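Analysis of the macromolecular model
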Amino acid sequence: MNWNEPFDLGGLRVPNRVLLSPLAGVSDAPFRRICQDLGAGLTYIEMLSAAGMAHQTRKTDELVARDAAEPILGAQITGPSPEILAEGARLLMERDLPVDTLDINMGCPVKKIVSRGCGSAIVRDPAMAGEMVRAAKAAVNVPVTAKIRIGFTKNHLTVEPVCEALGAAGAEMVIIHGRTRDDTYGDAVQYDQIRKGFDAVDRAAGGKKIWKIGNGNVFDVESARKMAEETGCDGVLISRGSLGNPWVFRQILENDETQPTVGEWEDVLLRHIDYHCAFYGEGHYAAIRFRKHLLWYVKGYPGAKAAKPELSVMESMGAIRERIRAFAAALPADLHRYPDMEERKRAAEADPKFEMDRDHDRGVEHYEE
Ligand SMILES: Cc1cc2nc3c(=O)[nH]c(=O)nc-3n(C[C@H](O)[C@H](O)[C@H](O)COP(=O)(O)O)c2cc1C
């Protein structure tokens, strides 16, 4: 698998096949930039609600901001019907800095979203999934893609009919997360079902190339290779594997598992902070937003656990910078992250916090009735 090969997404040139997922509460402009610096081929704004696009809230404005330095950018939207989805997509594209591609979220498990017929609720109805793609394509002039789960419930997988509908409707790319809405992160990724979905996409495409992207448990070189071998995907979409770990893109692209040294870790983290402050300012709000990144970044170094309580209450960006410098200075500059690879594996395992988050309004606060 050559992850470095560019691809043509309906006229948009994507420089490689290792993509960053839309991540609610995480994939803001500063995080996307640091991932782009480390090689991410395409990055996304977190999921937006089509209905919410009609309301000019500060939250929505912040979410859809694109940094001038971002080379290409995707947005992701969800809606309860093709009409509402199309209208939201139109409003999104009318903004000052329109995006280059639009993904339709058919995978979000959050109760508040699903109960309105959005997110993963859409995979219950393959015909509706196809209609959503048709409506979005008619509303915008950028490539339209879809991100799905393999089914809503464990015992009723809809991946094949949904993929057939998406292929027939002319989606330019289909991203499959190999779990159902019922599943937790503790459940295995079903590679065989992802492959079945991709085969269905191809069957329905009638010879047209539709890009096939695998998602779920891609954390490193080995798991990316596994995804490619087991599913026949054209590329991978990285989610939890990127948290506090923008190096994952470079590692997969260079097929080199080498972890950053303390010196490089500090440089990249301070650069992420510079991007963060340029976007959010230096104040308290910026510090609160950065805390979670900080906790993810220190994983894999001695002293990370002990530092956690202090890091989770840091009040200013100045104090965060100082703390990082002190943290790094206490370690040998050439020490690689995750000296204990077993710890790396444990860190990649299910994080109970994400299970909790999915029942809250994870990143969908701008959603309006
Ligand atoms: C914090 C967080 C936020 C997420 N936000 C989104 C989102 O906005 N849109 C989306 O399609 N998926 C979202 N996801 C789901 C991931 O994109 C992905 O499908 C899922 O985590 C499986 O991949 P992984 O096992 O590599 O993490 C989110 C996941 C996490 C952990």
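Parameters at a glance
Residues numbered from 1 in each chain as written. Predicted model: local features only at pLDDT ≥ 70, side-chain atom pairs only at ≥ 80, totals over all residues. Heavy atoms only, no water. Core = buried A, V, L, I, M, F, W, Y, C linked by side-chain atoms within 4.5 Å. Buried < 20%, exposed > 50% of the residue type's maximum accessible area, 1.4 Å probe, protein only. Helix = DSSP H or I, 4+ residues; strand = E, 2+ residues; numbered from the N terminus. Contact = heavy atoms within 4.5 Å. Near = heavy atom within 4 Å. Polar contact = N/O pair within 3.5 Å; in protein donor to acceptor, adjacent residues only side chain to side chain. Areas by Shrake-Rupley, 256 points an atom, 1.4 Å probe, with all protein chains shown as cover. Nonpolar A, V, L, I, M, F, W, Y, C, P; charged D, E, K, R; others polar. Domains from an automatic or database assignment. Buried area = accessible area lost by both parts, 1.4 Å probe. Salt bridge = Lys/Arg side-chain N within 4 Å of Asp/Glu carboxyl O.

A word on the nonpolar core. Residues Met 106, Leu 166 and Trp 265 are the most contacted members of the largest nonpolar core, which totals 103 residues. With nine residues, helix α10 (residues 262-280) is the largest single contributor of residues to this core. Sequence-distant contacts of Trp 265, defined by excluding residues within four places in its chain, comprise Trp 247, Pro 260, Tyr 297, Val 298, Tyr 301, Ile 324, Phe 327, Ala 328 and Arg 337. Residues Tyr 44, Ile 72, Ile 175 and Ile 213 belong to the second largest nonpolar core, which totals 13 residues.

Around the ligand lies a shell of 19 residues, among which Ser 21, Tyr 185, Asn 215, Asn 217 and Arg 240 are the nearest. The separation between an oxygen atom of the ligand and a polar side-chain atom of Tyr 185 is 2.7 Å. When isolated, the ligand has an accessible area of 600 Å², and the protein chains bury 96% of it. Of the residues that constitute the shell around the ligand, the class distribution is seven nonpolar, eight polar and four charged.

Every α-helix carries 3.6 residues per turn, so stepping three or four residues along brings you back to the same face. The element helix α9 (residues 247-254) is extensively covered by neighbouring structure, given that six of its eight residues are classed as buried. What α9 keeps buried is the set Trp 247, Val 248, Phe 249, Gln 251, Ile 252 and Leu 253. Packed against the buried residues of α9 are β3 (18-20), α1 (29-37), α8 (221-231), β11 (235-238), α10 and α11 (284-298). Backbone geometry just downstream of α9 places Asn 255 in the positive-phi region, at approximately 50 degrees.

According to the domain assignment, the protein chain contains domain 1 (7-257) and domain 2 (262-337). At the interface, 20 residues of domain 1 touch 16 residues of domain 2. Buried surface at the junction of domain 1 and domain 2, summed over both partners, amounts to about 1,700 Å²; 60% is from carbon and sulfur atoms. Sorting the residues of domain 1 by area buried against domain 2 places Pro 30, Glu 62 and Trp 247 first, and these three jointly supply 30% of that buried surface. Applying the counting criterion to the domain 1 and domain 2 interface returns four salt bridges.

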